Amino acid sequence: MTVMDRELLLEIGVEELPASWLPGLTRQLGDVLGAKLAGIRVIPHAPMETYSTPRRLTARIAKLADRQEDLDETLTGPPVSAARGADGQPTPAALGFAKKQGVRFDELEEVDTPKGRYLAHRRKTRGRATADVLAEVLASVLRDLTFPKPMNWDATLGEARGALQFGRPIRWLLYLYGGRVVPFSIQRSALAAGPRVQEIATGALTYGHRFLATSGRPGRSIKVRTFDDYQSRLAEHFVVLSRIERRDRIVRGLERAAKSLGGRAMVQSHPRAQQLLDEVPDLVEYPAVVAGIFSAEFLSLPEEVLTTTLIHHQHCFPVCNDEGGLKPGFLQVVNTEPQDERTISRNAARVITARLRDASFFWESDRQMRLDDRLDRLDTVLFHKSLGSYRAKAERIETLARTLAADVLGQSRDAAEAAARAAKLAKTDLTTDMVREFTELQGTMGGVYAREQGEPEQVWKAIYYHYLPVAVEAAAEPSRDTLGEGAATWAAVSLADKLDTLTGLIGAGEKPTGSRDPFGLRRAAHGVIR
């Protein structure tokens, strides 16, 4: 019998998914769907393709067999020794096995197994049409997709397994095989069902951008029959399906917008900007870049504060000059086709300016007090109920850092004292207003404030980098060139801090588990190994 190949297209339309979930979910959809098809003996003759945007998860197989493969099974029954009685007649066990298989006793075979010779029946099951089993596949896929935080949304597949959890509520299902809809539906619970809350049935319909449309109202349904049709119609309705294409559009937009400000986008030179570039393609369906400016007075703030405000808090890319210095500008990725870029950039600048004003106030206020004068305030910051305050921790790592620098790293007395001083001041920035507002700058701001108050390079760099490294790779930050003269003092302070954390918290019973490590003990252990 000739087996024909037809295209399978699945799209799960949802409310906006978190950007951090999408890369893993895209891979997971392909893995789960492929495993389910293999489990029912439906063989793809083309690679699995998966795509995603914040509002959809898509899988496509260009060639999928139109029938299951036939199944040949050898079913074993009782041992041959127990198949006949002393009179040579079949035993009840042998007759029962034959009846269960729907054959006569004399149609059974004898096969050799590792346990001996047994009665057996060879059964051949003809494969069903693929279209008839695809509904079961979708039900299993929906059940088996996992999410960091699944939610209940009053949906069920009508099974005894209870409610259908998903990462976000499902709004539509596009499910086509050979251009035809595969019937399937998700029911809503009796308490939730109503005129505006109805079952979700598969169809040949997808939806474009939530706010943009070439004509008619945005977000209207689009009828498709093939993947090529699907991809082109989405593009017409302002949805770029390919993540790679979205990223390329963003990169080109950043370059173009940065030139309009007389600079270049800070991307490759800043780790957090690189992370943002990896994140924003999963935040938008139709990316564009808008350029904006803020007051040049804020350039007096430390670069760490400016970049953290722009990248981490506002999801904007900084703009720098050819020498790498920051310019008073920013680049924002938006999920629309801007009609009036000035309005968008002006509103974004208002928000950024408010954050930078706060940062500027904290910067001026914090520098009114030296780090040494903040040591007493560490008594009010609890490290752990069994281990005391951060003041107690600072005293422990001061002693340990001095010992490590002198006895383990073989440093001079002056270097050992520099390590001890850096350890003593390393946690004082926890009492500053800047770190209370920008918690991701802890350690970093301590180093900046130490530099501002005139501490030597050995001391301020050890404070600045003492939380690093957080990975075990040889190339993990900080590098020896970055540390300069502070390499040995940094090593002593970083090791002292991590060793104190590991030994103290494990001794206090705070051991990490497979799913729980609130004190970052694994990260600390990785840092020690590095």
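In what follows, the structure referred to is the one given above.
Attention here is on the structure that accompanies the text. (Residues numbered from 1 in each chain as written. Predicted model: local features only at pLDDT ≥ 70, side-chain atom pairs only at ≥ 80, totals over all residues. Heavy atoms only, no water.)

Our focus in this paragraph is the overall build of the protein chain. Regarding its fold elements, the protein chain presents 16 helices and 20 strands. With the C-alpha coordinates of the protein chain rotated into their principal frame, the extents come out at 100 × 70 × 45 Å. Within the span of the protein chain, comprising 530 residues, buried residues form 46% of the whole. Taken as a whole, the protein chain presents about 26,400 Å² of accessible surface, with 49% of it coming from carbon and sulfur. Both charge centroids of the protein chain, one from 72 positive and one from 69 negative side chains, sit 5 Å from each other. (Helix = DSSP H or I, 4+ residues; strand = E, 2+ residues; numbered from the N terminus. Buried < 20%, exposed > 50% of the residue type's maximum accessible area, 1.4 Å probe, protein only. Areas by Shrake-Rupley, 256 points an atom, 1.4 Å probe, with all protein chains shown as cover. Lys, Arg positive; Asp, Glu negative; His and termini not counted. Charge placed at Lys NZ, Arg CZ, Asp CG, Glu CD.)

Turning our eyes to something else, we now look at the layout of surface pockets. Space inside the second largest pocket adds up to approximately 240 Å³. Lining the second largest pocket are 16 residues, and of these G253, R256, P287, A288 and V289 sit closest to its centre. Those elements that provide at least two residues to the lining of the second largest pocket are helix 5 (243-260) and strand 16 (288-293). For the lining of the second largest pocket, the leading source of residues is helix 5, giving 6 residues. The class makeup of the residues in the lining of the second largest pocket is 8 nonpolar, 3 polar and 5 charged. (1 Å grid on protein atoms, 1.4 Å probe; cavity = no way out; pocket = protein on both sides within 12 Å on 5 of 7 lines; lining within 4 Å. Points joined across faces, edges and corners; volume = space filled by probe spheres on them. Nonpolar A, V, L, I, M, F, W, Y, C, P; charged D, E, K, R; others polar.)

The topology assignment puts P338 in the loop between strand 18 (326-334) and helix 8 (341-366). In this structure the C-alpha to C-alpha distance between P338 and R27, which are 311 residues apart in sequence, comes to 32 Å. If we skip the residues at most four places from it in the chain, P338 touches A288, V290 and I344. (Contact = heavy atoms within 4.5 Å.)

The next point concerns the nonpolar core. In this structure, F294, L301, F330, M434 and M445 are the most contacted members of the largest nonpolar core, which totals 58 residues. In terms of nonpolar packing, the next biggest core, distinct from the first, is built from 40 residues, L17, V32, V137 and L157 among them. (Core = buried A, V, L, I, M, F, W, Y, C linked by side-chain atoms within 4.5 Å.)

Pairing between the strands of a sheet is mediated by backbone hydrogen bonds and can be parallel or antiparallel. Strand order in the open sheet made by the 3 strands is 4-6-5, with antiparallel pairing throughout. A strand with exactly one partner marks an edge of an open sheet, and here the two such strands are strand 4 (71-79) and strand 5 (109-113). Going across the sheet, the axis of each strand differs from the next one's by a mean of 45 degrees, ignoring polarity. Inspection of the sheet shows strand 4 paired to strand 6 (residues 116-125) by 7 bridges, in the antiparallel sense. Bridged to T76 within strand 6 is A120. Running at roughly 160 degrees to strand 4, helix 2 (residues 92-101) makes contact with strand 4 and strand 6 of the sheet. (Pairing = 2+ DSSP bridges. Axes fitted to C-alpha atoms, helices over the stretch in contact; angles between N-to-C directions.)

From the geometry alone we can't say anything about function, so treat these as descriptive.
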